[in-house]
Amino acid sequence: MTTARKKKKAVKKEPPVKRSTTTKPGAASSLFDETEAKIMSTLMEFRKAGIESVPIMTVVAFCGYSHARTKSFQQAMQKLKKGGYVQNSKGFVSITMVGVKEAPSQDSWSVSNAQVHNRLKKLLSPKAAELFTLLCNGGPQSSEYLLKQLGYGHPRSKGYTESVKALKDLGLLNQFKDAKSPKTKLLQLSDRAFPCGRDEA
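Residues numbered from 1 in each chain as written. Predicted model: local features only at pLDDT ≥ 70, side-chain atom pairs only at ≥ 80, totals over all residues. Heavy atoms only, no water.

Draft legend 1. Representation of the packing of helix α5 (residues 113-121) against helix α6 (residues 126-134). Axis separation between α5 and α6 bottoms out at 10 Å; the angle between their running directions is 160°. It follows from the interaxial angle that α5 and α6 lie roughly antiparallel. In this structure, α5 crosses over α6, and the sense of that crossing is right-handed. Taking contact as the criterion, the partners of His117, Leu120 and Lys121 in α5 are, on α6, Ala129, Phe132 and Thr133. Of the residues that constitute the contact of α5 with α6, the class distribution is three nonpolar, two polar and one charged. (Axes fitted to C-alpha atoms, helices over the stretch in contact; angles between N-to-C directions. Helix = DSSP H or I, 4+ residues; strand = E, 2+ residues; numbered from the N terminus. Parallel < 35°, antiparallel > 145°, perpendicular 65-115°, else oblique. Left-handed = near helix turned anticlockwise from the far one by under 90°. Contact = heavy atoms within 4.5 Å. Nonpolar A, V, L, I, M, F, W, Y, C, P; charged D, E, K, R; others polar.)

So this is what it looks like as structure tokens:
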């Protein structure tokens, strides 16, 4: 007695789907990790506002870091520079045309000095932030005036000298003598604190 063997139907295998590895310009892409994307988006928004070169500490602040020497920030900057997406010189960063084409898309927002100042103050101690605020109008202020406003009795007071040093270390402060009264020391925020120009201060 013979038994009929059922023929198994051959299952057709679907060819593997090829995933595109190309990235559309302006799309959120796998080209960049989170920090790199933040750097690119920050530079793009400043570029839209007509600001090509952005102070490095402003980029740091907008990316949520406390210093440009933070390891993950440094690594992100190195990768972006190596890829030709950004360039930096003398403490300023700008996005290249290659970077503009590949920058991740983001919600549009307007850049202002006030926004920059609020971000920068988060990098500072309360007293240093208070000193920064006193200088935010963009003009020079005498050390005597600032000492009085901050509640210090002497220019060598620890809290005052530390606040001044904190702003200088970030490249945000200039100190010079008053031309009319050489004994008077003046302090003024540097141009790095006003990426949108002092007229907007």
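After that view of the structure, there is still more to cover.
Draft legend 2. Representation of the sheet that holds strand β2 (residues 86-89). A sheet is described by the order of its strands in space; here three strands give the open sequence β1-β3-β2, paired in antiparallel fashion. For this open sheet the edge positions go to β1 (54-55) and β2, each flanked by a neighbour on one side alone. Bridge count for β1 against strand β3 (residues 92-95) is two bridges, and the pairing is antiparallel. When the sheet's bridge partners are listed, Val54 is paired in β3 with Val93. Running at roughly 85° to β3, helix α1 (residues 34-48) makes contact with β1, β2 and β3 of the sheet. (Pairing = 2+ DSSP bridges.)

Draft legend 3. Region of interest: the environment of Thr161. You can see Thr161 is positioned in helix α8 (residues 158-169). For the pair Thr161 and Ala128, spaced 33 residues apart in the sequence, the C-alpha separation amounts to 9.5 Å. The residues contacting Thr161, other than those within four sequence positions of it, are Pro155 and Arg156. There is a polar contact of 3.0 Å between the side chain of Thr161 and the backbone oxygen of Lys158. (Polar contact = N/O pair within 3.5 Å; in protein donor to acceptor, adjacent residues only side chain to side chain.)

Draft legend 4. Just the nonpolar core, in detail. Core analysis: the biggest nonpolar cluster contains 52 residues, and Ile39, Phe73 and Phe132 have the highest contact counts within it. Residue contacts for Phe132: discarding those within four places in its chain leaves His117, Leu120, Lys121, Leu124, Leu167, Leu172, Leu189 and Ala193. (Core = buried A, V, L, I, M, F, W, Y, C linked by side-chain atoms within 4.5 Å. Buried < 20%, exposed > 50% of the residue type's maximum accessible area, 1.4 Å probe, protein only.)

Draft legend 5. Structural detail: the sheet that holds strand β5 (residues 173-177). The sheet built from three strands is open, its strands ordered β4-β6-β5 with antiparallel pairing. The sheet is open, and its two borders are formed by β4 (141-142) and β5, each paired with just one other strand. Sheet analysis places β5 next to strand β6 (residues 185-189), joined by five bridges and oriented antiparallel. When the sheet's bridge partners are listed, Leu173 is paired in β6 with Leu189. The sheet strands contacting α8 are β5 and β6, and the helix crosses β5 at an angle near 115°.

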